[in-house]
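Observations on the model geometry
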Amino acid sequence: MKYALALAVALVTVWSFLVPDAVGFQRPELARVFFWHFPCPILATLLLIIGAWFSFKFQRTGDLRWDVRAVACMELGYIFCLMTMATGIIFSKVQWGAWWQNDPRQTSFLMVLLIYAAYFGLRGAMTDDVKRASNSGVYALSALLPMLFLTFVFPRLPGVESFHPNESIMQGQIKGQYAYVVVAVMVLMAWLSAWMYRIRVRAGILELKLEEMANGLENGSGDSAGSTVVRPVRVSRES
Amino acid sequence: MKAGWIAILRKEIKSELRQKSGLVTTLLFGIFAVITISFATFDLAISPQLAAGLLGVAMLFSAIVGLPRVILVEEEQGTGDLLRLLAQPEDVFWGKAIYNLLFMVATTIAISVLFFGFTHMGLRNLPLLLLCLSGACMAYAGTVTLCGALVAHASNRTALAGVLAVPLLLPLSFMAVSGLRVALDVNEAFNLTRGFISGIGLVLYGAATLSVGSYLFAAVWKR
């Protein structure tokens, strides 16, 4: 599986260099970074929305495995956000002449990065597993509205003028072999993220099982505390 | 339900009137922000865009300084668990969010009066200004109340409340600034309809934040 994936990535990378240069760019040969830039925000947005959905499922069920799935999506989504910024900054330099253009879309995506950086900051500040899952899940849900606003609404507001074209795919500006490569890279990245998601979730669920086993050992006879020691007991507030 | 949130609101108002620390801190912060703006721009004619941005920033940081305190103080004083036993989460949210809304309205009035006094900015449309300011207050109150609850059990909670709230409030600040710059534009260079669209959007965003916030708050508060 992973060899097939590696081979596919190599083939598509070579293909992306073989397609004819696109028209309408300052430096068409360097515009190929678009192949890798374009799928990143789409996958990032999708993963962040799925992560919020898993957080919602955790809030409904209280099952920590949903939190593991949510974190896996958030981490992958964040990686794609970082790749969006990195490839976008390179594109900005080679096509528009500066690393940072104060373009509304660049800035709004930077805000999305900050929003989800705070998510990981919140997780790092909580020690209790259930509280961490619960509070970060609520944050992920409340971050959904600003994220959707910044990604889809803000760049399209009247008076907001961006270097990023809104309708480049819809109006057929990306066509022929160029469009095929874009689609191939998108499929590959989705495949890669599904693969990494499965590994991350498997590792997270194993971690949970290990913790459960450790708690079981601690409460069992093998490593029990002396009779004079009173252990704290988790008390549910639910009636 | 009704009596519950009113009781929480009365408790917060009484507590604030007794201590006065939250209101004084936030008002002082707002005054310092406006005086600093006035000091930095004393020889400049401030454009409506810049003025809207500066007013938006002063409001944003005043909200972040003052509003999370209403939740955090419960954990610091050890009264959070008692409140969980005695009150429904929705009542706690609405009581504290409405208190934060009143607090934010008072702070915004003070900051705006000082801002106009110190910077000598003109005003093109008062209803639009009031619409933008009230929408911003609603959204700030809902979001920061929720952020306070999220960090109540975290380490370094006061700083973390700001870190969580700022990114969530930035889209609102964009909308507030785009509405305020039209309200302050005495030369009528900006389209008034667009300003009202931003203002109405801000009020709707604020209403959505408050109504969704109540459900999200309940999920955090009960655990």
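Please read these numbers as outputs of a predicted model, since none were measured by experiment.

**A few points about the overall build of chain A**
If you tally the helices and strands in chain A, you get 7 helices and 0 strands. In chain A, the order of α-helices and β-strands from amino to carboxyl end is α-α-α-α-α-α-α. The buried share among the 239 residues of chain A stands at 28%.

**Overview of the overall build of chain B**
When you go through chain B residue by residue, the secondary structure sums to 9 helices and 0 strands. In chain B, the order of α-helices and β-strands from amino to carboxyl end is α-α-α-α-α-α-α-α-α. A compact globule built from 223 residues would reach a C-alpha radius of gyration of about 17 Å, and chain B, at 18 Å, matches this within 12%. Across chain B, every contact between residues at least 6 apart in sequence was considered, and the portion connecting residues at least 24 apart equals 87%.

**Observations concerning the nonpolar core**
Counting 120 residues, the largest nonpolar core has Leu122 of chain A together with Cys132, Ala136, Tyr140, Leu150 and Leu164 of chain B as its most contacted members. Apart from the residues within four sequence positions on either side, Tyr140 of chain B is in contact with Ala63, Leu67, Met104 and Leu169 of chain B.

**Thoughts on the interface of chain A and chain B**
Across the contact, 26 residues belong to chain A and 23 residues belong to chain B. When contributions to the side of chain A that touches chain B are tallied by element, the ones reaching two or more residues are helix H5 (104–125) and helix H6 (129–153) of chain A. The element best represented in the side of chain A that touches chain B is H6 of chain A, accounting for 13 residues. Here the residues of the side of chain A that touches chain B sort into 18 nonpolar, 6 polar and 2 charged.

**Describing the environment of Arg124 of chain B**
All names here are of chain B. As for its position among the elements, Arg124 is in the loop between helix H6 (89–119) and helix H7 (126–151). As a C-alpha pair, Arg124 and Gly78 span 46 residues in sequence and 49 Å in three-dimensional space. For Arg124, the residues in contact, after removing those within four places along its chain, are Ala183, Leu184, Asp185, Val186 and Glu188.

**A short note on the environment of Lys96 of chain B**
All names here are of chain B. One can find Lys96 in helix H6. Residue class for Lys96 comes out buried when judged on the 27 C-beta atoms lying within 10 Å of it. Spatially, the C-alpha atoms of Lys96 and Gly148 are 10 Å apart, while their sequence positions differ by 52 residues. Non-local contacts of Lys96, meaning those with residues more than four positions away in its chain, are made with Ile8, Glu12, Val70, Ile71 and Thr145.

**A closer look at unusual backbone geometry**
All names here are of chain B. Positioned with a positive phi, His120 is a non-glycine residue whose angle comes to about 55 degrees. Along the chain, His120 turns up in the loop between H6 and H7. In this structure His120 comes out as exposed when scored by C-beta crowding, with 9 C-beta atoms within 10 Å.

**Structural notes on H7 of chain B**
For H7 of chain B, built from 26 residues, the straight-helix expectation of 38 Å at 1.5 Å per residue is met to within 8% by its first-to-last C-alpha distance of 37 Å. Within H7 of chain B, 22 of the 26 residues are buried, leaving the element largely enclosed by the surrounding structure.

**Remarks on helix H9 (residues 192–221) of chain B**
Here H9 of chain B is 30 residues long and its end C-alpha atoms lie 42 Å apart, about the 44 Å a rise of 1.5 Å per residue gives. At Gly213 of chain B, H9 of chain B shows its strongest bend, of approximately 30 degrees.

**What to know about the confidence of the model for chain A**
Here chain A shows a mean pLDDT of 83. Residues at 70 or above account for 85%. The element-level mean pLDDT for chain A is lowest in helix H2 (residues 33–37) of chain A, coming to 85, with helix H3 (residues 39–61) of chain A highest at 93.

**Details of the confidence of the model for chain B**
Residues and elements named next belong to chain B. Looking at chain B as a whole, its pLDDT mean stands at 85, while 99% of the residues score no less than 70. Across chain B, the secondary-structure element scoring lowest on mean pLDDT is helix H4 (residues 69–77), at 83, and the one scoring highest is H6, at 90. Interface confidence in the predicted complex, given as ipTM, is 0.76; pTM for the same model is 0.80.

**Notes on the packing of H4 of chain B against H7 of chain B**
Residues and elements named next belong to chain B. At their nearest, the axes of H4 and H7 sit 8 Å apart, and the two run at 25 degrees to each other. Here H4 lies roughly parallel to H7, going by the angle between them. Between H4 and H7 the crossing geometry is right-handed. Across from Val70, Ile71 and Leu72 in H4, the residues of H7 making contact are Thr145, Gly148 and Ala149. For the contact of H4 with H7, the class distribution of residues is 4 nonpolar, 2 polar and no charged.

Procedures and definitions
Sequence order as written defines the numbering, with residues in each chain counted from 1. Here chains are named by letter from A upward and ligands by number from 1 upward, in the order in which they appear as written. Confidence filtering applies because this is a predicted model: local features only for residues at pLDDT of at least 70, side-chain atom pairs given and counted only at 80 or more, and all residues used for totals across whole chains, interfaces and linings. Elements are defined by DSSP. Helices are runs of H or I of four residues or more, strands are runs of E of two residues or more, and each kind is numbered from the N terminus. Neighbour density around each residue's C-beta defines its exposure: 20 or more other C-beta atoms within 10 Å make it buried, 12 or fewer make it exposed, and counts between make it partly exposed, where C-beta atoms are placed from the backbone. Two things to know: the radius of gyration comes from C-alpha atoms, and the globule rule equals 2.2 Å times the number of residues to the power 0.38. In this description, a residue-residue contact is defined by the distance between C-beta atoms placed from the backbone, which must lie within 7 Å. Structurally, a nonpolar core is described as a collection of buried Ala, Val, Leu, Ile, Met, Phe, Trp, Tyr and Cys residues joined by way of C-beta atoms within 7 Å. In this classification, the charged set is Asp, Glu, Lys and Arg, the nonpolar set is Ala, Val, Leu, Ile, Met, Phe, Trp, Tyr, Cys and Pro, and all remaining amino acids, among them Gly, are polar. The span you would expect from a helix comes to 1.5 Å times its residue count less one. Note on bend: at a given residue it equals the angle between the axes fitted to the 7 residues ending there and to the 7 starting there. Each residue carries a pLDDT score, the predictor's own confidence in it, on a scale running from 0 to 100. A fitted line through C-alpha atoms serves as each axis, taken over the contacting stretch for helices, and the angle formed by two N-to-C directions is quoted from 0 to 180°. To sort the angles, those under 35 degrees are grouped as roughly parallel, those over 145 as roughly antiparallel, those from 65 to 115 as roughly perpendicular, and the leftovers as oblique. Handedness of a helix crossing follows the sense of rotation of the near helix relative to the far helix, less than a right angle counterclockwise being left-handed and clockwise being right-handed.

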